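Structure at a glance
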Amino acid sequence: MRFLRAALLVLCLLPRPLGGEAFCAPLPASGPKPSLHLYDRTGRPLRAFLSAQETYQEPVSLSELSPWLILAVLAAEDRRFYSHGGIDLRAMARAAWQNIRAGRVVSGASTVTQQLMRARRHYPKNAWGKLAEAWAALRWERTHSKDEILQDYLNTLQFGNLTQGVAAASRFYFGVDAQELSLAQAAALAGLIQSPTRLNPLKNPHGVLLRRGRVLDAMRAQDFITPEQYGLAMKEPLALSAGERPFAAPHFARRVQALAPAALQVHTTLDPDLQQYTEKAIQNHLGKLAGHNVTNAAAVVLDNATGEVLAYAGSADFGDEEHSGQVDGVMALRQPGSALKPFVYALALQNGLTAASVLQDEDTFFEGGFRPRNYDEKFHGGVSVRRALACSYNVPAVKAAEPLGAARLLNLLHELGFASLQRPADFYGLGLALGGGEVTLLELANAYATLARGGRVRPVVFARQPRLVWPVQERQALPEETAYIITDILADNAARADAFGLNSPLHFAFPAAAKTGTSKDYKDNFAIGYTPRLTVAVWAGNFDASSMQKVSGISGAAPILHDVLTYAYKKYPSGGFEVPQRVVHAVVCEESGRLAGAHCPHTREEVFVQGQLPPQVCDGKHSPKTGPLQIIAPVEGDVFKWDESLPAAAQQLHFKTSAAGGPCHWRLDGQELPGQAPDLWWPLKQGRHGLSVACGAETARVHFTVL
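The following paragraphs examine the structure supplied in this document. Just so we're clear, the structure is a prediction, and the values are computed from it rather than from any experiment. (Residues numbered from 1 in each chain as written. Predicted model: local features only at pLDDT ≥ 70, side-chain atom pairs only at ≥ 80, totals over all residues. Heavy atoms only, no water.)

1. Topic: the sheet that holds strand 2 (residues 45–49)
What counts here: Here, any two strands with at least 2 DSSP bridges between them count as paired. Helix numbering and strand numbering both begin at the N terminus, where a helix is a DSSP run of H or I of at least 4 residues and a strand a DSSP run of E of at least 2. The angle between two axes is taken between their N-to-C directions and runs from 0 to 180 degrees, where each axis is a line fitted to C-alpha atoms and a helix contributes only its stretch in contact. Residue contacts are counted whenever heavy atoms from the two residues lie within 4.5 Å of one another.
Pairing within the open sheet is mixed, and its 5 strands lie in the order 2-1-5-11-12. Since the sheet does not close on itself, it has two edges, and those belong to strand 2 and strand 12 (468–470), each with one partner. Taken pair by pair, the neighbouring strands of this sheet meet at an average axis angle of 25 degrees, ignoring direction. Taken together, the 3 bridges between strand 1 (residues 36–39) and strand 5 (residues 265–268) define a ladder with parallel strand orientation. Bridged to His-37 within strand 5 is Gln-265. Strands in contact with helix 12 (residues 250–259) are strand 1, strand 2, strand 5, strand 11 (460–465) and strand 12; relative to strand 2, the strand with the most contacts, it is inclined by about 60 degrees.

In structure tokens form, the structure reads like this:
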């Protein structure tokens with residue numbers, strides 16, 4: 001052996017044309033760079049990305065391999081691996097004799113170490129190349145242990161179909177970890193080393209079986225296995241897996257890859273069941289909106305306490321090229337419409353307003369000629385902050401924002417994590433209160449999760465190991481009392497009933513707060529809902545920015561929100577929202593916003609921050625005791641539109657009178673309606689209708705139409 005090494009060293013000094021350079025070349029570099037492998041929160045594979053060698057490679061140690069695999073590889077490729085010094089002279093002599101007798105090459109003698117050198121560097125396919133390869137193997141053996149060489153070998157080998165290394169191959173071909181390979185599976189993988197292209201299991205399973213048999217023959221001949229084990233392994237079916245690689249949550253996977261470019265394995269926070277349900281909910285509801293030019297939707301689900309991403313669907317179909325399915329709707333910039341209003345009122349509550357304060361919803365011109373209109377194209381007179389936010393009226397929101405100024409509102413939004421709002425406050429103006437700026441769905445989700453957390457901002461967490469976050473500085477952006485009051489309003493189904501009905505998609509059978517938003521010209525709509533434990537945010541629209549056909553947040557995104565949040569609540573249940581110690585309740589007059597007096601006919605219980613109750617008691621003079629009976633809603637000539645995209649139960653009209661109390665008798669189209677209250681709800685029915693009410697001796701009538 002010393003003589004051979006000396007001879008090879010002399011060859012290193014040969015001139016370049018004679019191949020001396022190959023002998024003097026440095027030893028091959030370290031092994032292949034692994035692929036990035038992602039796993040969900042349960043440990044199941046989520047996605048793998050190609051390595052620098054354009055292969056799927058997953059490093060594994062010898063201790064993590066099935067013992068059968070090591071024995072099978074040694075039996076098939078290098079039975080004297082642990083006894084030679086890098087080259088096997090006995091094997092070389094045997095191969096030379098067999099080849100001479102056959103008149104062609106029928107046997108090789110490359111050791112595991114030589115094959116490793118060949119895999120790391122392409123040597124010339126001639127005698128000089130074989131000698132250079134042998135010289136490299138000898139040098140490599142002097143600086144590496146046998147176990148290190150075998151481990152590198154098993155991680156470097158190509159097994160076809162872009163698989164590199166035994167870990168990737170065992171998972172791809174058999175759907176198991178390399179540690180779990182059976183004797184028959186191990187023999188099949190060892191057999192692929194000879195020619196992964198010719199023995200491609202997906203194209204030539206019969207050839208794989210024949211080669212597996214030869215490997216098992218070699219293992220039996222070398223007493224690596226017993227005759228009984230040999231017999232059982234020969235009978236075992238090949239049983240290949242589907243030959244598919246996991247490709248779940250593609251938008252989420254790409255986001256994680258961007259956050260961890262140098263990682264090898266990432267254990268993410270994604271809940272596979274919730275992810276799958278979210279994707280199906282998006283597809284199901286988009287099918288119902290097909291006739292309204294709604295082609296896409298996105299959704300994200302966050303764990304409020306930890307900030308972890310539990311579900312992340314960037315589009316309805318990643319592979320849908322026609323509708324730009326690879327665009328990530330969770331991170332796309334969109335105008336959120338009314339979805340920013342809770343934060344407008346949160347700032348207003350810290351600066352003098354209460355949930356009971358009355359704002360005038362009336363035709364108003366603001367600075368710069370800004371003249372907002374409501375979604376229903378009507379004005380509603382004096383409305384409380386509670387009702388204005390719950391019903392998403394536009395004019396009161398701008399009136400609440402006006403004394404604060406766009407700069408203070410923008411500063412709060414930055415505190416809440418809306419980094420996408422990069423223009424100066426003057427650029428947005430008061431229109432920012434109505435969503436006149438572009439934000440991402442993830443920013444919205446985390447801001448609403450902040451409300452659920454009592455006003456505390458936290459980073460969004462994509463992975464636990466290594467810890468990967470969407471960088472947001474943790475801080476207390478809102479007082480916990482303010483966050484709770486906004487939450488209490490958004491969870492008040494009765495307060496939003498005038499605008500959305502009692503059975504809208506925002507109504508849940510468990511404690512939950514929710515809000516919708518629709519951008520100008522129906523280009524985007526949002527729905528965000530949260531429980532104490534989870535936040536779900538949904539966007540619906542088109543990636544080409546075309547307008548939907550009269551699809552608002554309540555009819556587009558909200559049904560998806562309802563289904564996803566309902567499913568998520570079953571898996572992650574929670575109680576009611578925790579009431580901060582400094583939140584108190586008081587009875588107020590609905591019409592004045594003051595503490596209720598003895599003469600206030602319409603009162604309700606409201607929530608306040610301790611020490612910030614209305615300073616006056618209402619004297620009731622705002623509510624005249626005498627005067628003609630009126631039907632306040634609907635008014636004469638009103639026209640309403642039946643929305644086919646909404647459930648029938650969600651489309652109801654609120655009949656209201658000026659009467660202080662009952663009994664009142666309602667008649668619609670000559671038919672008496674049940675109930676004797678001064679107000680009631682009526683399910684919409686298309687046609688022209690006549691409505692009358694009699695309270696005592698007074699009667700009032702109006703006519704309205706439902707298209």
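2. Quick notes on the state of the cysteines
Going by this rule: Note on terminology: disulfide denotes any pair of cysteine sulfur atoms within 2.5 Å. Exposure categories follow from relative accessible area, calculated using a 1.4 Å probe and restricted to protein chains: below 20% of the type maximum is buried, above 50% is exposed, and the middle band is partly exposed.
Per the counting criterion, the structure on display carries 1 disulfide. Covalently, Cys-664 is tied to Cys-695 through a disulfide, its sulfur atoms 2.0 Å apart. Between Cys-664 and Cys-695 the disulfide shows an S-S torsion of about 115 degrees. By sign, it is right-handed. Of this pair, Cys-664 sits in strand 22 (residues 664–668) while Cys-695 sits in strand 25 (residues 687–695); the two residues are 31 residues apart in sequence, bridging distant segments of the chain. Under the relative-accessibility criterion, Cys-664 is labelled buried at 0%. The class for Cys-695 is buried, based on a relative accessible area of 11%.

3. Examining the packing of helix 14 (residues 341–349) against helix 17 (residues 406–415)
Cut-off, in case you're wondering: Here roughly perpendicular refers to angles of 65 to 115 degrees, roughly parallel to angles under 35, roughly antiparallel to angles over 145, and oblique to all remaining angles. For any helix crossing, the convention is left-handed if the near helix is rotated counterclockwise from the far helix by under a right angle, and right-handed if that rotation is clockwise. Any residue that is not Ala, Val, Leu, Ile, Met, Phe, Trp, Tyr, Cys, Pro, Asp, Glu, Lys or Arg is counted as polar, Gly included; the first ten are nonpolar and the last four charged.
Between helix 14 and helix 17, the least distance of the axes is 10 Å, while the angle of their chain directions is 110 degrees. As the angle between them shows, helix 14 and helix 17 are arranged roughly perpendicular. The way helix 14 lies across helix 17 gives a crossing that is right-handed. Listed contacts from helix 17 to Phe-343, Val-344 and Leu-347 of helix 14 are Arg-408, Leu-409, Leu-412 and Leu-413. Taken together, the residues of the contact of helix 14 with helix 17 sort by class into 6 nonpolar, no polar and 1 charged.

4. Some words on the packing of aromatic side chains
Our working rule: Here is the rule: rings of Phe, Tyr and Trp (six-membered ring for Trp) pair when centre to centre is within 6.5 Å. Planes less than 30 degrees apart are stacked, more than 60 are edge-to-face, and the remainder are tilted. Two conditions define a charge sitting above a ring: the NZ of Lys or the CZ of Arg must be within 6 Å of the ring centre, and it must be within 35 degrees of the ring normal.
For the coordinates displayed, the defined rule picks out 22 aromatic pairs. An angle of 85 degrees between the planes, with centres 5.3 Å apart, marks the rings of Phe-427 and Tyr-428 as edge-to-face. Judged by relative accessible area, which is 10%, Tyr-428 ranks as buried. Taken together, Phe-343, Phe-418, Tyr-448, Tyr-530 and Phe-577 form an aromatic cluster joined through their ring pairs. Across from the ring centre of Phe-81, 4.4 Å away, lies the NZ or CZ of Lys-146, which sits over that ring. Sitting over the ring of Phe-172, Arg-245 keeps its end group 4.1 Å from the ring centre.

5. Details of unusual backbone geometry
Across the junction of Gln-465 and Pro-466, the peptide omega takes the value -5 degrees, indicating a cis bond. When you line up the elements, Pro-466 lands in the loop between strand 11 and strand 12. One non-glycine residue with positive phi stands out, namely Asn-293, at about 55 degrees. Along the polypeptide, Asn-293 turns up in the loop between helix 13 (272–288) and strand 6 (296–303).

6. As for the sheet that holds strand 14 (residues 513–518)
The 5 strands lie next to each other as 7-6-16-15-14, forming an open sheet whose pairing is antiparallel. With one partner strand each, in any of the chains shown, strand 7 (309–313) and strand 14 form the two edges of the open sheet. Across this sheet, the average inter-strand angle for adjacent strands is 10 degrees, counted without regard to direction. Here strand 6 pairs with strand 16 (residues 534–541) via 8 bridges, running antiparallel. Looking at the pairing, Ala-297 lines up with Ala-540 of strand 16. In this fold helix 19 (residues 441–452) packs onto strand 6, strand 14, strand 15 (524–530) and strand 16, with an angle of close to 35 degrees to the strand it touches most, strand 6.

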